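Chain by chain, the residues run as shown.
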Amino acid sequence: MSTLLVSQPNFESHVTPSGHPERADRIRAVETALRHSRFDGLVRKNAPGTDIALIEVVHGPDYLARLRAVRPAEGIGRIDEDTFISSGSLDAVATGLGGALLALESVLLGETDNAFCAIRPPGHHAERDRPMGFCLANTIAVVAREAQRKYGAERIGIVDFDVHHGNGTQDIFCDDPTVFYGSSHQMPLYPGTGAPRETGVGNIVNAPLPPGSGGAEMREAYLERILPALADFGPDLLLVSAGFDADHRDPLAQLNWGPEDFAWVTGKLMDFAERCCEIRLVSLLEVGYDRDGLAAGAAAHVAMLLDGTMGELTLA
Ligand SMILES: [Zn+2]
């Protein structure tokens, strides 16, 4: 097995206001955890830049122009009450996307079995016509579309275990029978979408979890709902929106997952990819706001991707 870790050299270029939970320090926590000797076997690459106009494959025609219009020449501009754009944010978006596309190419060409991209800003809340929820562009949606456009993949599976529902990814693909979106998320919680009745054209599976629930409820959601539906869909490629804010320490949500739960769901997704997608799995970091919870969850996730076991990880 081989696993690619894509790092983003300019993750600090997207600046949010002091005290904002989506901050550059999150990536530092992930990078520090993944420097441990446990991860010596990773293939490591830096994200290259890419043309930000690529986001138009999933966003509306004037979306990028509107982002550029609110981007300040210096300092930080405000998009909505919790979503901000700084002078360097679009450079960060372009590089994060470039990294995700590098991971896609590596996995589709068989250079590595799977990949994890430690990138920001996150993307799964960005809808076709609206940036929101700390997200400026929907990176995983662009990756799914590029897999089809550039590499001829036909059916793409996206699984999202971030604690928040990926309303943006659902919005972009809700009428597209070639893309599956399955999400576990806390409900009620921001952004308020993700009820089981939201099924798109039969390609959307939402498995909401109640506040205070933990690994047992999560396992049931995947074993009973998300994984069977994913198997019925039959993707060529599996993409993962990997958020680690379901961790019990996270300040923005109330689920009680630990690193072993992120490892478990990762293992199930890998088993699925091995059986159905020629192993091909690309995982993109969404969020996680507790520094230790994020680091421990991401370490468990990447350890599994690397060799299918938590191994000798010392996890907080
Ligand atoms: Zn989240």
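Below or above, wherever it landed, is the structure these notes cover. (Residues numbered from 1 in each chain as written. Predicted model: local features only at pLDDT ≥ 70, side-chain atom pairs only at ≥ 80, totals over all residues. Heavy atoms only, no water.)

Regarding the overall build of the protein chain
What counts here: Only DSSP runs of H or I reaching four residues or more are called helices, and only runs of E reaching two or more are called strands; each is numbered from the N terminus. The quantity called the radius of gyration is restricted to C-alpha atoms. Its globule counterpart is 2.2 Å times the number of residues to the power 0.38. Between buried and exposed lies partly exposed: a residue is buried under 20% and exposed over 50% of the maximum accessible area for its type, with that area taken using a 1.4 Å probe on protein chains only. We call two residues in contact when some of their heavy atoms are within 4.5 Å. Residue exposure ignores everything except the shown protein chains as possible cover, and the areas themselves are Shrake-Rupley values with a 1.4 Å probe. Residues scored as charged are limited to Lys and Arg (positive) and Asp and Glu (negative), so that His and the chain ends carry no count. Just so you know, the charge point we use is NZ for Lys, CZ for Arg, CG for Asp and CD for Glu.
Helices and strands together make up the secondary structure of the protein chain, namely 8 helices and 10 strands. For the protein chain, whose C-alpha radius of gyration is 17 Å, the value lies close to the compact-globule estimate of 20 Å for 316 residues. Seen through its C-alpha atoms, the protein chain measures out along the principal axes to roughly 45 × 45 × 40 Å. Taken across its 316 residues, the protein chain has 61% of its residues classed as buried. Residue pairs in contact within the protein chain that sit at least 24 positions apart in sequence constitute 74% of those at least 6 positions apart. As displayed, the protein chain has an accessible area near 11400 Å², and 48% of this comes from carbon and sulfur atoms. For the protein chain, the distance from the average site of its 26 positive side-chain charges to the average site of its 44 negative ones is 2 Å.

Concerning the pairing of strand E8 (residues 204–209)
For the record, the criterion: Strands are labelled as partners when DSSP assigns at least two bridges between them.
Most of E8 sits inside the fold, with 5 of its 6 residues counted as buried. Judged from the 6 bridges that link them, strand E7 (residues 179–186) and E8 form a sheet pairing that is parallel. Of the residues in E8, the one forming a bridge with serine 184 is alanine 207.

Looking at the environment of glutamine 170
Here glutamine 170 shows up in helix H5 (residues 167–173). Residue class for glutamine 170 comes out buried when judged on its relative accessible area of 10%. In the structure, glutamine 170 is positioned 44 residues away from alanine 126 in sequence and 9.8 Å away in space, judged by C-alpha atoms. Ignoring anything within four residues of it in the chain, the contact list for glutamine 170 reads His165, Tyr181, Glu198, Ile204 and Asn206.

Quick word on the sheet that holds strand E10 (residues 281–285)
Here is the rule we go by: Lines fitted to the C-alpha atoms define the axes, with helices restricted to the stretch that makes contact. Angles between their N-to-C directions range from 0 to 180 degrees.
One open sheet holds the 8 strands; their spatial order is E2-E1-E5-E10-E9-E6-E7-E8, and the pairing between them is parallel. In the strand order of this sheet, the two ends are held by strand E2 (43–46) and E8, each with one partner. Going across the sheet, the axis of each strand differs from the next one's by a mean of 15 degrees, ignoring polarity. Looking at chain direction, strand E6 (residues 156–160) and strand E9 (residues 237–242) are connected through 5 bridges and run parallel. Looking across to E9, one finds that aspartate 160 is bridged to serine 241. Seen against the sheet, helix H6 (residues 215–233) touches E6, E7, E8 and E9 and runs at an angle of roughly 180 degrees to E8. Its contacts with the sheet place helix H8 (residues 291–307) against strand E1 (3–7), strand E5 (114–118), E9 and E10, and it is angled at close to 160 degrees to E5.

Details of unusual backbone geometry
Along the chain, arginine 120 connects to proline 121 via a cis peptide bond; the corresponding omega equals 0 degrees. Mapped onto the fold, proline 121 is located in the loop between E5 and helix H4 (139–151). Omega for the peptide link from tyrosine 190 to proline 191 comes to 0 degrees, which places this bond in the cis form. Within the fold, proline 191 resides in the loop between E7 and E8. With phi around 50 degrees, glutamate 278 is a residue other than glycine that occupies positive phi space. Take glutamate 278: it is sitting in the loop between helix H7 (259–276) and E10. The exposure class assigned to glutamate 278 is exposed, which follows from its relative accessible area of 61%. Even without glycine at this site, isoleucine 279 takes up a positive phi of about 75 degrees. Along the chain, isoleucine 279 turns up in the loop between H7 and E10. Look at isoleucine 279 and you get partly exposed, because its relative accessible area is 34%.

Overview of the pattern of salt bridges
Condition: Here, a salt bridge means any Lys or Arg side-chain nitrogen found within 4 Å of an Asp or Glu carboxyl oxygen.
Under the defined criterion, the tally for this structure stands at 12 salt bridges. Here aspartate 25 and arginine 291 are joined by a salt bridge, their closest N and O atoms 2.9 Å apart. Of this pair, aspartate 25 sits in helix H1 (residues 25–33) while arginine 291 sits in helix H8, placing them 266 residues apart in sequence. The partly exposed category is assigned to aspartate 25, whose relative accessible area is 22%. Across the pair aspartate 176 and arginine 145 runs a salt bridge whose closest N-O atoms are separated by 2.8 Å. Here arginine 145 lies in helix H4 and aspartate 176 lies in the loop between H5 and E7, a separation of 31 residues in the sequence.

A look at H1
Residues of H1 that are buried: Arg26, Ile27, Ala29, Val30, Glu31 and Ala33. The elements touched by buried residues of H1 are E1, E5, E10 and H8.

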